Amino acid sequence: MGFLDDAKDKLADAVDKHGDKVADGIDKAAELARLEHRPLHLLHAERIPAPYPAPVQRQFGNLPSLIREASQYTADEAMKYASSRFPDLTVTVSVSEEDPRDALQQASQVCPVVVVGSRGLGGIRSLLLGSVSLWVSQHAACPTLVVRPSTGGDEAPIIVGTDGTEVSGDAVEFAFSQASMRRSPLLVVHCFDDTYQGGYGLTGLPNEDLEGLPEERRALSESIAGLREKYVDLDVNFKLVRGPVASYLTHASERAGMVVVGSRQRSAPTAPMPPP
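Being a predicted model, the structure only gives us computed values, none of them experimental.

A.B. asks: Which residues make up the environment of L104, and what values do they have?
C.D. replies: Its location among the elements puts L104 in helix 4 (residues 100–107). Residues L104 and S133, 29 residues apart in the sequence, show an inter-C-alpha distance of 9.8 Å. Ignoring sequence-local partners within four residues, the contact set of L104 consists of L43, V114, V116, V132 and V136.

A.B. asks: With reference to specific residues and values, describe the nonpolar core.
C.D. replies: Core analysis: the biggest nonpolar cluster contains 23 residues, and V160, F176, L186 and V188 have the highest contact counts within it. Listing elements by their share of this core, those giving two or more residues are strand 4 (144–147), strand 5 (158–161), helix 6 (166–182), strand 6 (186–192), strand 7 (236–242) and strand 8 (258–260). In terms of residues, this core owes the most to one element, helix 6, which gives five residues. Not counting residues within four places of it along the chain, the set of residues in contact with L186 comprises I158, V160, A175, F176, A179, L234, D235, V236 and N237. Counting residues in hydrophobic clusters, the runner-up holds 10 residues, among them I26, A29, L40 and L42.

A.B. asks: So what's going on with the packing of helix 4 against helix 5 (residues 132–139)? Which residues, and what values?
C.D. replies: Any two packed helices are characterised by the angle at which their axes cross and by the distance between the axes. Where helix 4 meets helix 5, the closest approach of the two axes is 10 Å, and the angle between their N-to-C directions is 35°. Here the hand of the crossing between helix 4 and helix 5 comes out right-handed. The residues of helix 5 that touch helix 4, namely those facing P100, R101, D102, L104 and Q105, are V132, W135, V136 and H139. Residue classes in the contact of helix 4 with helix 5 are distributed as five nonpolar, two polar and two charged.

Calculation rules
Numbers given to residues run from 1 along each chain, matching the order in which its sequence is written. The predicted origin of the model limits local features to residues at a pLDDT of at least 70 and limits the giving and counting of side-chain atom pairs to 80 or more, whereas totals for whole chains, interfaces and linings rest on all residues. Computation of side-chain values covers all heavy atoms of the structure but excludes hydrogens and water. Helical segments are the DSSP runs of H or I of at least four residues, strand segments are the runs of E of at least two, and each set is numbered from the N terminus. Only heavy atoms matter for contacts: two residues are in contact if any of them lie within 4.5 Å across the pair. By nonpolar core is meant a set of buried Ala, Val, Leu, Ile, Met, Phe, Trp, Tyr and Cys residues that side-chain atoms within 4.5 Å join together. To sort residues, take the accessible area from a 1.4 Å probe on protein chains only and compare it with the maximum for the residue type: under 20% means buried, over 50% means exposed, and anything in between is partly exposed. For helices, the fitted line uses only the C-alpha atoms of the stretch in contact; every axis is such a line through C-alpha atoms, and the angle between N-to-C directions lies from 0 to 180 degrees. Handedness of a crossing is defined here by the sense of rotation of the near helix relative to the far one, left-handed for an anticlockwise turn of less than a right angle and right-handed for a clockwise turn. Gly counts as polar in this scheme, as do all residues outside two lists: the nonpolar Ala, Val, Leu, Ile, Met, Phe, Trp, Tyr, Cys and Pro, and the charged Asp, Glu, Lys and Arg.

Distances and angles like these do not, on their own, reveal function.
Here it is, written out as structure tokens:
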């Protein structure tokens, strides 16, 4: 058995063990494509490394060529799955030899949404520094959907965090659009901790029930008033929460169909991916 055959067997074994995660990513992307009446493009990126030392080359042969063949095999299998499962969609596929983060960031320049998976560590801990999903969500030129296993059910709400800034305003608008297309309820959340200053006039709040702060709740409601007028049939609620936003949204994600957050786009160059 050659190196490529062995690699294909290992890939098939990985797909068998983690097939649900692979399928979930394609399924979510296809669902979004259907909702927005768009084609679906699958992208597989595998960075071709620098030439290996001579002893490695002698043992395995032309590794870059073998990696290219394995990448094409992966892309072909994804294409077969998507085409058979979603025959009503126009599905295309491509393979890139760039760092996956660079390839997806470039793709984000010309597509409305990028869909990526995340490793199964649980909660927001899976978005580790250096991971593709975290990097792309911070650098993409369009919204990024990070697919996680969902336990929320078909009626689960979409939850969006807002701090009243332009960045969170874009996130809120995206959440309204998604909730409308999916016919899902929407929960708009504003979080702050004990050291919070500014924004909606909240400063040095006493230890009292946040739901009983009418002025602040009114300010939050007014911040989304225009969107509520645009999406008049949407079931929208909003909530004030004390504490770190990451903690609340991570906990809330257990019962949500989607969690939407804003990101201040960064432009730092990528570094080589760390080893798995």
